[in-house]
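Here are the chains, one letter per residue:
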Amino acid sequence: MKNVNLKISLIITKPNYIIKIFSKLTKLQRVRAYSLIFSHNCRLPHAMWKIGPHELEEQEKSLHTCIRIAQSQEYQSGIHALSNCQKIFEASSNSALKNHLTQLVIESEHLWLLHATSQLLLSSLRQTSWIVNRRDSTRCILQLCIVCKKKSKAETLQQLMGQFPHARVNSARSFLNFGKDCT
Ligand SMILES: [Zn+2]
């Protein structure tokens, strides 16, 4: 067996950078899953390497790591206070709106549900994740969606109706006009 020396250099700028460079959640999950496989393979001997496409479990794990990165950045002071058994004073509720991962999660769910309205989107998001200020966040995302904007402006055609008979639209005494349904 031939020994090969590999030199790997990692440049870590900011932990949130990996999230910001992607515009779609699925791509972020896939890339993150492959990086997790790579780090797994680096720690183990060649016989135990994972080779081939990533699995659903790794994709979910990658999303969890991204959420952990985003949370550690948004709630830095709160996490620090909790780890030192101190009280939390501030609640950074507005910062959740600015987080790129929140936008990606909402956009992905919106597209998965085929441009769902806000109520359906909110109920679906509630089943999978707990997003702070999700009502405002979803409203912002829906306002930016071009397909939904076009759909809301489109007018439906008025259906052509047949003319009603004279006796049906004009008032008259009881039993002056009558009909019989033979079907
Ligand atoms: Zn839409």
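Presented here is an overview of the structure given in this document. Predicted, not measured: the structure shown is a model, and the values here were computed from it. (Residues numbered from 1 in each chain as written. Predicted model: local features only at pLDDT ≥ 70, side-chain atom pairs only at ≥ 80, totals over all residues.)

1. Some details on the overall build of the chain
Next, step 1: Scanning the chain from terminus to terminus reveals ten helices and zero strands.
Next, step 2: Reading the helices (α) and strands (β) of the chain from amino to carboxyl end gives α-α-α-α-α-α-α-α-α-α.
Next, step 3: Within the span of the chain, comprising 183 residues, buried residues form 14% of the whole. (Helix = DSSP H or I, 4+ residues; strand = E, 2+ residues; numbered from the N terminus. Buried ≥ 20, exposed ≤ 12 C-beta atoms within 10 Å, placed from the backbone.)

2. Remarks on helix H4 (residues 76–83)
Residues lying three or four places apart along an α-helix face the same way, a consequence of the helix completing one turn every 3.6 residues.
Next, step 1: Counting buried residues in H4 gives zero out of eight residues, a small share hidden from the surface.
Next, step 2: The first or second residue beyond H4 is Cys-85, which carries a positive phi of 55°.

3. Some remarks on the packing of helix H6 (residues 100–112) against helix H8 (residues 134–144)
Two quantities define a packed helix pair, namely the angle between the helix axes and the distance between the axes.
Next, step 1: With their axes 10 Å apart at the nearest point, H6 and H8 run at an angle of 65° to one another. The handedness of the crossing between H6 and H8 is right-handed. Contact residues: Thr-102, Gln-103, Ile-106, Glu-107 and His-110 in H6; Ser-137, Thr-138 and Ile-141 in H8.
Next, step 2: Residue composition of the contact of H6 with H8, by class: two nonpolar, five polar and one charged. (Axes fitted to C-alpha atoms, helices over the stretch in contact; angles between N-to-C directions. Left-handed = near helix turned anticlockwise from the far one by under 90°. Contact = placed C-beta atoms within 7 Å. Nonpolar A, V, L, I, M, F, W, Y, C, P; charged D, E, K, R; others polar.)

4. Comments concerning H8
Next, step 1: Within H8 the residues assigned to the buried category are Arg-134, Ser-137, Thr-138 and Ile-141. Each buried residue of H8 lies within a common arc of 95° when the element is viewed along its axis, so the set occupies one face. Of the exposed residues in H8, those oriented more than 90 degrees away from the buried face are Arg-135 and Gln-143. (Arc of directions from axis to C-beta.)

5. Details of the nonpolar core
Next, step 1: Listed in full, the eleven residues of the largest apolar core are Ile-19, Leu-25, Leu-28, Leu-63, Cys-66, Ala-70, Leu-101, Leu-104, Val-105, Ile-106 and Ile-141.
Next, step 2: In terms of residue count, H6 provides more of this core than any other element does, four residues in total.
Next, step 3: Domain assignment of the residues forming this core places at least three in each of domain 1 (13–92) and domain 2 (93–150).
Next, step 4: If sequence neighbours within four positions are ignored, Leu-104 has contacts with Lys-24, Leu-25 and Leu-28. (Core = buried A, V, L, I, M, F, W, Y, C linked by C-beta atoms within 7 Å. Domains from an automatic or database assignment.)

6. Description of the environment of Tyr-17
Next, step 1: Tracing the backbone through its elements, the reader meets Tyr-17 in helix H1 (residues 17–20).
Next, step 2: Along the chain, Tyr-17 and Ile-69 lie 52 residues apart, while their C-alpha atoms are 10.0 Å from each other.

7. Remarks on the packing of helix H2 (residues 25–43) against H6
Next, step 1: Close contact between H2 and H6 brings their axes to 9 Å; oriented N to C, the two are set at 115°. Contacts from Leu-25, Thr-26 and Leu-28 in H2 reach Leu-104, Val-105 and Ser-108 in H6.

8. With respect to unusual backbone geometry
Next, step 1: In this structure, Cys-85 takes a positive phi of about 55° despite not being glycine.
Next, step 2: Position of Cys-85 among the secondary structure elements: in the loop between H4 and helix H5 (95–98).
Next, step 3: Accessibility expressed as a C-beta count within 10 Å gives 6 for Cys-85, which makes it exposed.

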